[in-house]
Amino acid sequence: MTKKTAEKEIDVFDLQSIDGVGKATEEKLNSAGITSVLDLAAATPRELVELGIGAEKAEELCLKARLLLIESGFLDKEFVPATEVLERRKSMQKLTTGSKAFDSMLGGGIETQAITELIGEYGSGKTQICHTLCVTAQLPRDQGGLDGAAIYIDTEATFRPERIVQIAESRNLDQRKTLENIIFASVYNSSHLQLTVKELGRYIEKYKARLVIVDSIISHFRAEFIGRGTLAERQQRLNDLLHRLLRTAQVHNVAIVVTNQVQANPDQFFGDPNKPSGGHVLAHSSTYRIFIRRAANNTRLARIIDSPYHPPTAEAYFKITEKGVEDLQEK
Ligand code: GTP
Ligand code: MG
């Protein structure tokens with residue numbers, strides 16, 4: 001893939017496009033799954049240091065990769081006038097949840113270039129929403145889809161292809177095609193999750209994915225890091241992971257949806273940034289945080305609890321049916 005501008009034409013898949021990357025460095029980077037300028041732009045200097053690259057050079061390479069993408073017009077500039085921020089948001093796309101009420105609460109749907117965090121208790125419907133999104137992501141743009149594949153990273157072994165079949169069939173979609181366009185990865189522990197996320201860029205390009213699900217972002221961390229002494233390390237690793245995800249969302253213009261379980265009483269939890277698992281780290285990296293809970297008559301309530309663009313009181317009722325996420329009254 002090359003992108004041409006007045007000044008510069010680069011191959012974003014060729015690491016040697018970067019001044020300072022020779023054969024030896026390229027091999028080191030490749031050994032960690034960093035095979036393109038895009039991968040490098042999404043990497044952290046710390047990952048490079050782990051490969052035996054000096055700290056200073058590591059910083060420099062990550063920065064150069066980003067600058068190169070900016071110069072070539074592939075990535076937007078970091079410091080820009082607000083008019084450009086508006087332009088950038090125009091290239092952002094929105095994915096339908098399956099419910100018009102839910103979508104309009106979000107201002108049109110789940111956004112690309114962002115992380116959307118679904119927070120809720122056991123059984124609130126987070127995984128069901130993720131299943132639905134994998135189907136709606138494949139719809140054409142004029143039907144609220146992203147016209148692309150979905151990547152499903154499952155940490156809890158709750159992905160059900162049968163449920164995808166049911167959702168696709170009840171929406172009159174080809175079930176086989178729908179399944180083929182969901183790329184599934186099961187991850188076994190937090191290190192495995194970190195590795196999978198590092199490789200994500202490559203899979204996004206390979207499968208033309210427009211949506212990435214991580215269900216759940218927190219479970220392995222919670223299981224593995226027990227006790228106060230390990231909290232700092234847990235937060236650090238979660239922080240790296242989320243920044244990596246956010247950059248991946250921006251570089252590849254994909255929607256990233258992560259789930260996070262809370263056990264607290266939702267009303268007490270509401271407004272308390274410490275309650276959802278992950279604490280401040282998640283609160284600061286997720287672009288949108290949506291709280292989901294069960295409501296009366298087998299309905300569900302979604303409420304935006306933290307968003308740069310929405311009023312904090314925005315909420316929507318929806319239901320979970322054979323179609324997945326649906327409006328209370330089908331219009
Ligand atoms: P945890 O992962 O345990 O935190 O929960 P979750 O928020 O992911 O909950 P999940 O999405 O698994 O929701 C489970 C609920 O969804 C069930 O209690 C059912 O009410 C509903 N549900 C699950 N499968 C189906 C289905 O096939 N059809 C319908 N109509 N509802 C379903
Ligand atoms: Mg779940």
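Everything discussed here concerns the structure shown above.
Residues numbered from 1 in each chain as written. Chains lettered and ligands numbered in written order. Predicted model: local features only at pLDDT ≥ 70, side-chain atom pairs only at ≥ 80, totals over all residues. Heavy atoms only, no water.

**Q** Mind showing me how you'd approach the overall build of the protein chain here?
**A** Counting its secondary structure elements, the protein chain contains 14 helices and 13 strands. Here the protein chain holds 331 residues, and the buried ones make up 52% of them. Counting contacts in the protein chain only where the partners sit at least 6 residues apart, residues at least 24 apart contribute 65% of the total. Of the roughly 15400 Å² of accessible surface on the protein chain, a fraction of 50% belongs to carbon and sulfur atoms. (Helix = DSSP H or I, 4+ residues; strand = E, 2+ residues; numbered from the N terminus. Buried < 20%, exposed > 50% of the residue type's maximum accessible area, 1.4 Å probe, protein only. Contact = heavy atoms within 4.5 Å. Areas by Shrake-Rupley, 256 points an atom, 1.4 Å probe, with all protein chains shown as cover.)

**Q** Is there a simple way to explain the environment of A42 in this structure?
**A** Along the chain, A42 falls in helix 2 (residues 37-42). When its relative accessible area of 3% is taken as the criterion, A42 is described as buried. The sequence separation of A42 and R247 amounts to 205 residues, and the corresponding C-alpha distance is 5.6 Å. Setting aside anything within four residues of it in sequence, one finds A42 in contact with R244, R247 and T248.

**Q** Explain the packing of helix 10 (residues 190-207) against helix 12 (residues 231-252) to me, please; I cannot follow it from the model alone.
**A** Any two packed helices are characterised by the angle at which their axes cross and by the distance between the axes. In contact at an axis separation of 10 Å, helix 10 and helix 12 are set at 10° when each is read in the N-to-C sense. Judged by the angle between their axes, helix 10 and helix 12 are roughly parallel. Residues S190, S191, L193, Q194, V197, K198, L200, G201, I204 and E205 of helix 10 form the contact with helix 12, whose participating residues are R237, L241, R244, L245, T248 and H252. A breakdown of the residues in the contact of helix 10 with helix 12 according to their chemical character gives six nonpolar, six polar and four charged. (Axes fitted to C-alpha atoms, helices over the stretch in contact; angles between N-to-C directions. Parallel < 35°, antiparallel > 145°, perpendicular 65-115°, else oblique. Nonpolar A, V, L, I, M, F, W, Y, C, P; charged D, E, K, R; others polar.)

**Q** Hey, could you run me through the site of ligand 1 in this one?
**A** With respect to spatial proximity, 16 residues lie near ligand 1, and among them G123, K126, T127, Q128 and Q261 are the closest. Contacts to ligand 1 include S124, whose side-chain N or O atom sits 3.2 Å from an oxygen atom. Contact distances for ligand 1 include 2.7 Å between an oxygen atom and a side-chain N or O atom of T127. Protein contact buries 68% of the 660 Å² of open area that ligand 1 shows by itself. Listing elements by their share of the shell around ligand 1, those giving two or more residues are helix 7 (126-136), helix 8 (161-170) and strand 12 (315-321). Residue contributions to the shell around ligand 1 peak at three residues, all from helix 7. (Near = heavy atom within 4 Å. Polar contact = N/O pair within 3.5 Å; in protein donor to acceptor, adjacent residues only side chain to side chain.)

Any link to function would need more than the numbers given here.
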